[in-house]
Each structure stands twice: as C-alpha cells, then as structure tokens.
Amino acid sequence: MNYSALVLDIEGTVCPISFVKDALFPYFVEKVPVIVQNIEQQSKVIRDIISQFNIDDKDALTKHILDLVAADIKDPILKQLQGYIWAEGYSSGEIKAPVYPDAVALIRRHDNVYIYSSGSVKAQKLLFGHVADSDGKSINMNGEIKGYFDINTSGAKVDASSYTNILKDIKMEKTPEKVLFLSDNPKELDAAKKAGLITGLAIRDGNAPVPNIDEYISYKDYSTL
Ligand SMILES: [Mg+2]
C-alpha cells in the first residue's frame, strides 16, 4: 500500500539498538578523564557545564561523572555534558550513526518521513546529520526528514495520545490509516494502532524477542515498503 507518511522509531528500527550502549556511551566514558584532566584547555561551554558539578579535585570529579553514567542517573548536568561531547564527536567524524542501508533507502524513497524517538530532537538531528556511508564517510540526511518528535514534543511512546499529537502536527489526523509507524517495540505499536496508524514491527539483530510476534506485521528489511 502507498503510505502518505512514515513515522520511524530510531533504536532497533533504523539503527542497531546497541548503538547508544556500545558506541555513544563508551565514547563518552573514554573522553571524560581526558577532558577533566585538561579542563583548562577546554572550551568555555564545557568548562561552564563541568563547573556545575561543583567538584574541584579532578580525580573526584572524573569518578563522580563516571559513577553517574554507571548508575544510569538522569542528571541534567550529565545530559548536557553528554550532548555536547557527542556533538563534538559527530562533528569531528569520530562518531557516525550506523543507520541500516535499507532504512536510508526507505527514507529516500518516501517524501514524508518523520522520526519519533525517546532520544531528544537535538540528538535525533545529530544522528541523522552524521550517518555512516558505505565508504567510511558520513552523510547528512537532515534534509530528507520532514520532522522530528520526542517525548517532550509529543508525549510518551507507549501512549496513544502521543501518536494523535503527531498526526495533528503532520496534518494527517483525518487519515491516520495512511500513516505507517515502524518500531521494534510492540507496546509502541499497540499505542500507535489505537490512534489509528498502520504499524510495522522491525525485526533486527539484537532486538528483544517479541513473544506474540504473530499479532504484528513484521519486517526483516524495508525493501517492500
Ligand atoms: Mg526502538
């Protein structure tokens, strides 16, 4: 069927679920000690963010930041620092987003592609701004995506009302059955279905197994979409 718009999840759908855990987090953990030890040479933005931790001793400061990461504490200063360090990593080319080639092709084939992820809109734009190319370079796909939504713009991904909000924003509230939402998470698909969207379950290496998989239309790749 021809969809008028696609709404795509990111992790486990257009790129491996392990990207954040196995690439972004280790990158940050590797950079923190170097940045803290050489704090005097850092940009004002980084010095300002780090000064908010209010810890002068460099070893104690490093330990504090890494402890927050290890305990997965949603600390706003930590989030700011991570966002900044990842942005630098993307722009230096040290981090590239491993978007699946068939997901790149899917995005390019459709005119109205939107992203809905629990990662911030800012992080989503960075990711699609630095997509790994087959020749080792990175490509900017921001121009090929019509809009980005996150839990701040639209609500939790397991709530039907979030998908209703997105339908309104993309002016598809009258024809939700022409909008396809792809995700690896069945709870998100159930919520989108309640809002009237058509749903597709992404089956990719590393994704959590779905017990009631037969209840969904599943896709191992997106070549038919
Ligand atoms: Mg996902």
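Residues numbered from 1 in each chain as written. Predicted model: local features only at pLDDT ≥ 70, side-chain atom pairs only at ≥ 80, totals over all residues. Heavy atoms only, no water.

- Within an unreviewed UniProt entry, the label attached to the protein chain reads Enolase-phosphatase E1, and the organism entered is Maudiozyma saulgeensis.
- Note on the protein chain: under the UniProt heading Function (unreviewed entry), the record states "Bifunctional enzyme that catalyzes the enolization of 2,3-diketo-5-methylthiopentyl-1-phosphate (DK-MTP-1-P) into the intermediate 2-hydroxy-3-keto-5-methylthiopentenyl-1-phosphate (HK-MTPenyl-1-P), which is then dephosphorylated to form the acireductone 1,2-dihydroxy-3-keto-5-methylthiopentene (DHK-MTPene)."
- Of the protein chain, the UniProt comment under Sequence similarities (unreviewed entry) reads exactly: "Belongs to the HAD-like hydrolase superfamily. MasA/MtnC family." (UniProt positions renumbered as here; feature names shortened; annotations may be inferred.)

## Notes on the overall build of the protein chain
1) Next: When its secondary structure is counted, the protein chain shows nine helices and eight strands.
2) Next: On C-alpha atoms alone, the protein chain measures out to a radius of gyration of 19 Å, which is about the 17 Å that the 2.2 N^0.38 rule sets for 225 residues.
3) Next: Its C-alpha atoms give the protein chain principal-axis dimensions of about 60 × 40 × 35 Å.
4) Next: Contacts in the protein chain between residues far apart in sequence, at least 24 positions, make up 65% of those at least 6 positions apart.
5) Next: For the protein chain, the exposed area adds up to about 11700 Å²; of that, 52% sits on carbon and sulfur atoms.
6) Next: If the 25 positive side-chain charges of the protein chain are averaged to one point and the 31 negative ones to another, these points end up 5 Å apart. (Helix = DSSP H or I, 4+ residues; strand = E, 2+ residues; numbered from the N terminus. Rg over C-alpha atoms; globule rule 2.2 N^0.38 Å. Contact = heavy atoms within 4.5 Å. Areas by Shrake-Rupley, 256 points an atom, 1.4 Å probe, with all protein chains shown as cover. Lys, Arg positive; Asp, Glu negative; His and termini not counted. Charge placed at Lys NZ, Arg CZ, Asp CG, Glu CD.)

## Examining the pairing of strand β2 (residues 113–116)
Taken residue by residue, a regular strand's side chains alternate between the two faces of the sheet.
1) Next: Where burial is concerned, the two faces of β2 agree: the one with V113 and I115 and the one with Y114 and Y116 are both buried.
2) Next: In the sheet, strand β1 (residues 5–8) pairs with β2 via three bridges, with the strands oriented parallel. Paired with L8 across the two strands is I115, which belongs to β2. (Buried < 20%, exposed > 50% of the residue type's maximum accessible area, 1.4 Å probe, protein only. Pairing = 2+ DSSP bridges.)

## Points about the environment of D184
1) Next: Here D184 shows up in the loop between β6 (179–183) and α9 (186–194).
2) Next: In this structure D184 comes out as buried when scored by relative accessible area, which is 12%.
3) Next: When the C-alpha atoms of D184 and Q37 are compared, they prove to be 40 Å apart, with 147 residues separating the residues in sequence.
4) Next: Those residues in contact with D184, other than ones at most four positions away along the chain, are D9, E11, G12, T13, I17, L201, A202, N207 and V210.

## Topic: the nonpolar core
1) Next: In terms of nonpolar packing, the biggest core is built from 53 residues, with L8, F28, I65, L81, V99 and F128 touching the most fellow members.
2) Next: Residue contributions to this core peak at eight residues, all from helix α1 (residues 18–37).
3) Next: The residue makeup of this core includes at least three contributed by each of domain 1 (5–16 + 98–219) and domain 2 (20–92).
4) Next: Leaving out residues up to four positions away in the same chain, F128 has contacts with I10, V14, V99, I107, I115, I139, N140, M141, N142, I145 and Y148.
5) Next: Core analysis: the next-biggest nonpolar cluster, separate from the first, contains 20 residues, A5, L189, L201 and V210 among them. (Core = buried A, V, L, I, M, F, W, Y, C linked by side-chain atoms within 4.5 Å. Domains from an automatic or database assignment.)

## Here's the deal with the packing of aromatic side chains
1) Next: Scanning the model with the defined rule gives six aromatic pairs in all.
2) Next: Plain terms: the ring middles of Y163 and F181 are 5.0 Å apart, the flat faces sit at 65° to each other, and that makes the pair edge-to-face. Within this pair, whereas Y163 is found in helix α8 (residues 160–169), its partner F181 is found in strand β6, the two being separated by 18 residues in sequence. The residues Y163 and F181 share a single accessibility class, namely buried.
3) Next: Members of the aromatic cluster, each reached through a chain of ring pairs, are F25, F28 and W86.
4) Next: Lying over the aromatic face of Y100, R204 brings its terminal NZ or CZ to 4.1 Å of the ring centre.
5) Next: Directly above the aromatic system of Y222 lies the positively charged group of R204, at a separation of 4.6 Å from the ring centroid. (Phe/Tyr/Trp six-rings, centres within 6.5 Å; stacked < 30°, edge-to-face > 60°. Lys NZ or Arg CZ within 6 Å of the ring centre and 35° of its normal.)

## Focus on unusual backbone geometry
1) Next: In this structure, N54 is a non-glycine residue whose phi angle is positive, near 60°.
2) Next: Turning to its location among the elements, N54 is positioned in the loop between α2 (44–51) and α3 (58–70).
3) Next: For N54, a relative accessible area of 70% gives the class exposed.
4) Next: Of note in the backbone geometry, D72 takes a positive phi value of approximately 55° without being a glycine.
5) Next: Along the chain, D72 turns up in the loop between α3 and α4 (76–92).
6) Next: For D72, a relative accessible area of 47% translates into the label partly exposed.

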